[in-house]
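# Notes for the structure review
Below are the chains, spelled out letter by letter.
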Amino acid sequence: SAHKTKEQLEELEEEPANVQEKGRQIAELIRRSRHFICFTGAGISTSAGIPDFRGPEGVWTLAATGGRRTSATTPTLNAVPTFTHMALVALQAAGLLKFVISQNVDGLHRKSGIPVEKLAELHGNLNVEQCLKCRREFLRDFDVPTSRSVHEHRTGRKCAACGGDLKDTIINFGESLPGNQLTAGMTNSMQADLCLCLGSSLTVSPACDMPREVARHGGRTIICNLQRTPLDKLSALRVYARCDALMTAIMGHLGIPVPRFTLARHVRVTTHPGSFMRQRAVDIAAVDADGTPASLFPRVDITQGPWATSGDREPFHFALPRGLPGKSHHDSPSTGKATTASRYTPL
C-alpha cells in the first residue's frame, strides 16, 4: 500500500562526499565478506524509466492521492538494465556477490545477465510463464499476464512440451510466494554475513524478513533508499542516495569496471533424422542462457536454391526434403533467416 504520512513520503539525499565515503566503507566490507548478497526493490529500476511504488510519483502514491505523473516513464519491455543492475553483474562475475534477491517483476536482473541459479525473483517476472502441469518455464518477449482478474493467472497459452495450461508468475497481494524462490532467498539470507539492500521500502513481508534475518544472526545489513524504512535501526550503515550514485562509488573503490548492457539472445539449432528414409529434420529454438525456452522469432525462413519453407510458431520444426544438400556440401550450403521479435534496444 501507499505511504500515508509526510515522514514516510519524504525523500532524503546525502551530499556526494558522504556517499563516496560510505561507498568506500561498503567496498571494504564486500572485499572481506564471506557470503555477500543483495536485496533489491523498485528503486534500482527508476533510472531505467520504470516508476517505483511509494515514491512521490510512485504508482501507489499517485493512486492514493489522485495525483498526476510529471516525469516520463519507459514501458517495461523497452527498459534496459541500469548501472546498478550491471554493477551487480560485475560483482557476481568477480566472485564477490553470491546471490541476488529481488522484489521486482520487471525482469531486468535476468535480462542483465545474472544467472537464474543466482537469483530469486520473489514476486515473479512479467516475461516468464510456467506450465501448470509439467512446471516448465518459458521466457517471453512480451508481458505474459492476460487476465483482468487479479487472482486468475492462466494466460490462455499452452505448453509446447506437454500441452498443459500456462500461467504467469506474478505474485499479487494475498498470494503465497513460490516455494523455490522463497527457500533460495531465505537460505542465502541465513548464510549471508553482508546484505546490501538497494531501492526497497522494506515493508512487504515475507520478503523484508530476509534482510532482517541477516541482521538477526549477526551479519551486516546495509540499506540504500531515499525514503526511511522500518529496518533502518537494524542497519549497520544507512545511505540516503540513489542506487546508481552509491554503486558508482562502490565500484570505483573496488576498481571493478562495470560493463555496458548488451542484449544477448541464444538460438539452439538441432538436426536429426526425419520420418522418412534419407530425410533430415531441423529444430530451431530460442533459449535463455540457462536453456529456458524463450520467445524471440515470430517467423523463421529456410531456403536452399529454389526450395524454401517457413514456420511461424515456436518451437520451429522443419522436415527437409530428400536429396537436399546439407552442411557438408560446401558448394551449396543451406541458409536460414530468422526475424527477431525483440523490442529491446541495447545500449
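Residues numbered from 1 in each chain as written. Predicted model: local features only at pLDDT ≥ 70, side-chain atom pairs only at ≥ 80, totals over all residues. Heavy atoms only, no water.

## What about the pairing of strand β1 (residues 36-40)?
A large share of β1 lies buried, amounting to 5 of its 5 residues. Judged by which residues are buried, β1 turns out to be covered on both faces: Phe 36, Cys 38 and Thr 40 on one side and Ile 37 and Phe 39 on the other are all buried. Relative to strand β2 (residues 97-102), β1 runs parallel, the two being bridged by 5 bridges. Bridging across to β2, Phe 36 finds its partner in Leu 97. (Buried < 20%, exposed > 50% of the residue type's maximum accessible area, 1.4 Å probe, protein only. Helix = DSSP H or I, 4+ residues; strand = E, 2+ residues; numbered from the N terminus. Pairing = 2+ DSSP bridges.)

## Examining unusual backbone geometry
Most peptide bonds adopt trans geometry, and most residues besides glycine take a negative phi value. With an omega of 10°, the peptide bond running from Ser 205 to Pro 206 counts as cis. For Pro 206, the location among the structural elements is in the loop between β8 (194-198) and α7 (209-216). Phi is positive for Arg 135, which is not a glycine, with a value near 70°. On the secondary structure map, Arg 135 appears in the loop between β4 (128-131) and β5 (137-139). Even without being a glycine, Leu 202 presents a positive backbone phi close to 55°. Residue position: Leu 202 is located in the loop between β8 and α7.

## Digging into the pattern of salt bridges
Counting across every chain of the model gives 16 salt bridges. Where Glu 10 meets Arg 228, a salt bridge forms, and the shortest distance between an N and an O atom there is 3.0 Å. Of this pair, Glu 10 sits in the loop between α1 (6-9) and α2 (16-32) while Arg 228 sits in the loop between β9 (220-224) and β10 (237-239), and the two are 218 residues apart along the sequence. Residue Arg 228 is classed as partly exposed on the basis of its relative accessible area of 28%. We note a salt bridge from Asp 165 to Arg 154, for which the minimum N-O separation is 3.5 Å. Highlighted residues: Asp 165 in strand β7 (residues 165-168) and Arg 154 in strand β6 (residues 154-158), separated in sequence by 11 residues. Judged by its relative accessible area of 29%, Asp 165 is partly exposed. If you follow the salt bridges from partner to partner, you end up with Glu 152, Arg 154, Lys 158 and Asp 165 in one network. (Salt bridge = Lys/Arg side-chain N within 4 Å of Asp/Glu carboxyl O.)

These results come straight from atomic positions and should not be treated as a statement about function.
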